[in-house]
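As a plain string of letters, each chain reads:
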Amino acid sequence: MTEATGIVGEFLTLKEGTDADLLAMQCGDFYEFFAEDAEIVADELDLKVSQKSSHGSSYPMAGVPVDDLTPYVSALVERGYRVAIADQHETENGHAREITRVVTPGTHLETGDESAQYLAAVVREASRDSGDTYGIAATDVTTGQFQVTQLDDADAGEALTELYTFGPAEILPGPELRNDDEFLDRLRERTDAALTLHDSASFEPGRASHTVREQFGSETVDSVGIGDQNVAVRAAGAVLSYVEDTGVGTLAAVTRLQAYGERDHVDLDATTQRNLELTETMQGDSSGSLFDTIDHTVTAAGGRLLQQWLQRPRRNRAELQRRQSCVAALSEAAMARERIRETLSDAYDLERLAARATSGSADARDLRAVQETLALLGQVADAVTETERLAESPLADALDGADREAADSLAAELDSALVADPPGTVRQGGLFKRGHDDDLDEIIDEHEAALEWLETLPDREKERTGITHLSVDRNKTDGYYIQVGKSETDAVPEKYQHIKTLKNSKRYTTPELDEKERDVLRLEERRHDMEYEHFQRLRARVAEHATLLQDVGRTLAELDAFASLAVHAVENDWARPAVVDGNELSIEAGRHPVVEQTTEFVPNDLYMDDDRQFLIVTGPNMSGKSTYMRQAALITLLAQVGSFVPARSATVGLVDGIFTRVGALDELAQGRSTFMVEMQELSNILHSATEESLVILDEVGRGTATFDGISIAWAATEYIVNSIQSKTLFATHYHELTALGEELPTVENVHVAVDGEPRSAGSDGDVTFLRTVRDGPTDRSYGVHVADLAGVPEPVVDRSQAVLDRLRDDKAIEIRGSEQNDGGTTQAVFDLDSGQFRDGAAQSGGAAAGSTAEPVATDGDPEHAPGEAAAEGPKGDERAASLDSETEAVLSELTELDVNETPPVELMAKVQEWQAELDDE
């Protein structure tokens with residue numbers, strides 16, 4: 001318990017009663033931070049620290065003006081702090097202070113970010129027989145959205161993927177997850193959310209069910225299908241409890257409970273969203289992302305909705321066709337579309353304004369914004385109904401989601417009450433028009449008459465006294481006063497009472513001025529109090545219509561999102577895809593939606609169905625394999641958003657998930673190398689994908705030894721083809737895999753075409769990457785050519801080509817500059833059986849694979865060309881006589897082995913076994 005007294009003691013006592021990280025306590029016109037809180041805030045926000053004495057001790061103190069608190073709290077919350085606010089109020093004994101709210105990352109209303117800001121809770125119930133059950137609830141307190149789902153027979157990865165799609169600012173882990181360090185670590189890795197341990201009792205089934213039913217009504221809970229889903233209800237109850245405990249005051253805006261099932265949306269895990277660069281690039285920039293490319297919205301709510309669509313594509317074909325029809329209508333009615341967009345550009349964010357009204361934080365400018373935006377609904381509706389193409393489309397039905405009559409009525413009520421340009425404060429008057437209230441009008445008339453008397457006083461006094469340098473003003477110290485220049489102070493009347501002398505003037509008052517000041521202050525206080533009372537009632541009236549504001553806001557946002565998609569489709573020649581059930585993915589002249597914005601793009605076709613499910617994509621580096629596969633994924637995703645797609649035509653079979661494995665970066669800070677990340681991503685795909693999924697594999701097994709990599713890629717291909725049966729595009733440099741296209745009925749080879757011949761010995765090569773995808777495997781590699789294009793020094797490129805040519809011909813290679821030969825060369829041959837280099841003598845039978853015979857040096861003698869020095873080694877019977885029994889046994893097994901009938905993984909294991917035997921010998 002603190003020994004401090006006075007203000008500091010009160011601060012420390014309040015701080016002990018909250019679990020917030022920081023406390024801002026109102027002291028008159030400032031919010032003050034004391035002790036350790038002051039030092040933290042000063043360091044974070046660059047505030048000046050002073051000292052406050054209390055009970056013989058000195059405490060650090062830092063403060064911000066009352067009117068400036070919001071931006072400072074926002075900055076602290078963005079840094080992850082939970083900030084308690086203690087407001088001051090008057091009592092019979094003076095001032096009293098109490099904590100009125102706690103601002104946290106998930107309950108902050110004053111965010112400047114237009115994106116959704118979710119608070120989420122996740123609960124787990126373990127099962128012995130199968131996977132666990134997870135309940136997830138998420139609300140955006142700035143808009144009142146509330147969504148809940150239950151994942152049955154699921155694992156942690158599925159729960160994390162579901163949470164990631166919301167991008168929550170704050171997460172409340174349930175009691176069962178708080179000690180699961182692995183789960184919490186993965187949460188921290190995949191999201192930037194603050195993790196908060198909320199009261200465990202709020203997660204209890206009985207209490208949570210009561211909380212949810214109190215908020216939404218028992219009929220609503222049962223009608224959306226979560227009444228018997230205890231895990232989902234537990235998460236929902238905890239979220240509602242937390243919002244209420246923080247005092248944010250927005251629960252009145254949370255009126256609509258949306259429950260969704262696992263099959264309502266397309267699975268897009270964190271890895272896939274990153275690899276496809278949906279909302280930000282691989283470098284973390286928003287510019288260059290898919291959202292940035294197609295976002296032509298003119299409202300904050302419209303942009304937020306479009307982003308949600310991209311991150312949560314739908315599986316409901318009827319809904320997707322509805323969206324497509326709206327986009328099609330707007331794309332064909334250009335004039336009406338632009339009229340709607342111009343109208344919407346004046347709209348404010350009604351969903352967030354509804355939350356501000358219910359929380360009591362909306363000011364008069366917010367209510368005027370509500371009025372102006374509600375009035376736009378009628379203008380947008382007229383634009384739709386007056387255009388035949390739009391009136392016959394689902395856009396007309398979309399407008400039915402908002403009550404136009406109620407919107408017009410509330411807009412008219414607000415317009416008749418508020419002045420056109422109200423002040424930014426609600427306690428200083430000047431908010432209401434004349435005619436709003438008779439009693440208020442009377443007070444306003446008296447107040448303005450008194451102010452007019454004061455405004456005209458200088459002219460009257462100048463005329464009466466003949467003093468030219470005379471003015472009337474007011475400040476907090478002197479109140480109202482008459483100021484006269486020193487050169488004319490001898491002419492002031494006797495009734496002027498001197499109150500202050502300045503350098504060049506003197507200040508006076510008069511009995512009449514004092515009386516009028518008292519009248520003005522009395523009338524001013526009455527007017528301000530009355531206007532504030534009227535404003536509170538008007539704000540409460542708007543809060544009562546929070547659902548109306550949300551409905552209108554969502555309707556306008558949806559039209560804005562449709563118009564944005566239509567604009568992009570028209571400007572970029574996108575086509576309406578056919579969305580069908582089944583596994584068909586047919587794309588004619590498809591393009592990458594982002595890449596086509598910055599380069600002259602070469603379109604490509606793609607066809608997949610039940611008989612052509614797995615495409616092995618080969619071709620040179622930099623030829624466009626990755627772009628080809630990503631554009632297939634993005635076209636599928638856009639089709640399941642309801643958008644048109646970058647293609648001449650497309651038929652897209654609905655998928656339940658899109659999974660990608662693209663080149664990974666080392667995550668050494670988490671103790672994971674590139675190859676480990678690669679294998680974890682592959683593991684997630686093999687566990688999560690189904691026969692209705694689309695899988696994109698851009699290289700598998702490249703981060704390990706060649707034979708290990710081929711084995712993993714081969715086995716993964718077989719598993720996907722035989723067990724999962726998902727639509728899959730697999731880009732690889734392992735040409736060995738192309739053999740699967742000849743053996744497995746649903747596997748086909750395609751390649752990126754190249755014109756010309758690559759570099760070879762004695763030839764510089766002249767190669768053009770055509771960016772065109774054709775059937776069949778590629779016939780050669782182009783790695784050395786790409787190294788040349790990348791600017792690798794010419795000696796290295798030339799040497800690379802020479803080594804490559806000899807490897808292809810199974811010829812010995814000079815190892816130049818070996819230390820054991822004093823800078824000469826050593827011959828070596830790459831043995832395909834062992835996967836290792838052996839010395840050049842073995843080229844002609846001097847030693848078997850794995851032999852430790854001494855290397856042969858040529859000492860740079862041109863007469864001893866690579867491979868020739870081995871001619872002196874033993875031949876024929878001499879070689880046979882030199883083999884020991886263990887080597888003979890290996891050779892015998894090798895001779896009897898049927899390579900064509902042996903699985904690759906088993907073959908590789910056998911080779912390693914032989915190597916071990918020979919090494920031991």
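Residues numbered from 1 in each chain as written. Predicted model: local features only at pLDDT ≥ 70, side-chain atom pairs only at ≥ 80, totals over all residues. Heavy atoms only, no water.

Caption draft 1: How the structure looks around the UniProt feature "binding site: ATP" in the protein chain. Look at the UniProt record and you will see "binding site: ATP" annotated at Gly619, Pro620, Asn621, Met622, Ser623, Gly624, Lys625 and Ser626. Checked against the element boundaries, Asn621 lands in the loop between strand 20 (614–618) and helix 22 (625–639). Mapped onto the elements, Ser626 comes out in helix 22. A relative accessible area of 25% places Ser626 in the partly exposed class. (UniProt positions renumbered as here; feature names shortened; annotations may be inferred. Helix = DSSP H or I, 4+ residues; strand = E, 2+ residues; numbered from the N terminus. Buried < 20%, exposed > 50% of the residue type's maximum accessible area, 1.4 Å probe, protein only.)

Caption draft 2: Representation of the side chain of Ser331. Tracing the backbone through its elements, the reader meets Ser331 in helix 12 (residues 317–332). When near neighbours in sequence (up to four residues on either side) are disregarded, Ser331 contacts Arg337, Ala566, Val570 and Phe644. (Contact = heavy atoms within 4.5 Å.)

Caption draft 3: Broad picture of the environment of Arg263. Among the secondary structure elements, Arg263 is positioned in the loop between strand 12 (256–259) and helix 9 (270–275). As a C-alpha pair, Arg263 and Arg315 span 52 residues in sequence and 7.1 Å in three-dimensional space.

Caption draft 4: Highlighting the confidence of the model for the protein chain. Overall, the prediction assigns the protein chain a mean pLDDT of 85, with 84% of residues at 70 or greater. Mean pLDDT values for the elements of the protein chain range from 49 in helix 28 (residues 876–882) up to 98 in strand 21 (residues 649–653). Long-range and interchain partners of residues 665–671, a stretch whose pLDDT sits below 50, account for eight contacts in this model, where long-range means more than four residues apart. Low pLDDT (under 50) marks residues 841–880, which in the prediction has 51 contacts with non-local residues, meaning those over four places away or in another chain. (pLDDT = per-residue confidence, 0-100.)

Caption draft 5: Examining empty space enclosed by the protein more closely. This model, assessed by the stated rule, comprises three cavities of 30 Å³ or more. Volume-wise, the largest cavity comes out at about 50 Å³. Contributing to the lining of the largest cavity are Thr299, Ala301, Ala347, Tyr348, Asp349, Leu350, Thr373, Gly553, Leu556 and Ala557. When grouped by side-chain class, the residues that make up the lining of the largest cavity number six nonpolar, three polar and one charged. (1 Å grid on protein atoms, 1.4 Å probe; cavity = no way out; pocket = protein on both sides within 12 Å on 5 of 7 lines; lining within 4 Å. Points joined across faces, edges and corners; volume = space filled by probe spheres on them. Nonpolar A, V, L, I, M, F, W, Y, C, P; charged D, E, K, R; others polar.)

Caption draft 6: Layout of the pattern of salt bridges. The full count for this structure, using the stated rule, is 46 salt bridges. Among the ionic pairs, Arg527 bridges to Glu531, the shortest N-O distance being 2.9 Å. Residue Arg527 and its partner Glu531 are located together in helix 20 (residues 511–544), separated by four residues, close to a single helical turn. Judged by relative accessible area, which is 10%, Arg527 ranks as buried. Owing to a relative accessible area of 0%, Glu531 belongs among the buried residues under this scheme. (Salt bridge = Lys/Arg side-chain N within 4 Å of Asp/Glu carboxyl O.)

Caption draft 7: Summary view of the sheet that holds strand 7 (residues 118–125). Strand order across the open sheet formed by six strands is 11-10-7-8-9-12, with mixed pairing between neighbours. Across the chains shown, the open sheet's two edge strands, defined by having one partner strand only, are strand 11 (194–195) and strand 12. Direction of pairing for strand 7 relative to strand 8 (residues 132–140): antiparallel, over a ladder of eight bridges. The partner of Leu119 across the bridge, within strand 8, is Thr139. Its contacts with the sheet place helix 4 (residues 156–166) against strand 7, strand 8 and strand 9 (145–154), and it is angled at close to 165° to strand 9. (Pairing = 2+ DSSP bridges. Axes fitted to C-alpha atoms, helices over the stretch in contact; angles between N-to-C directions.)

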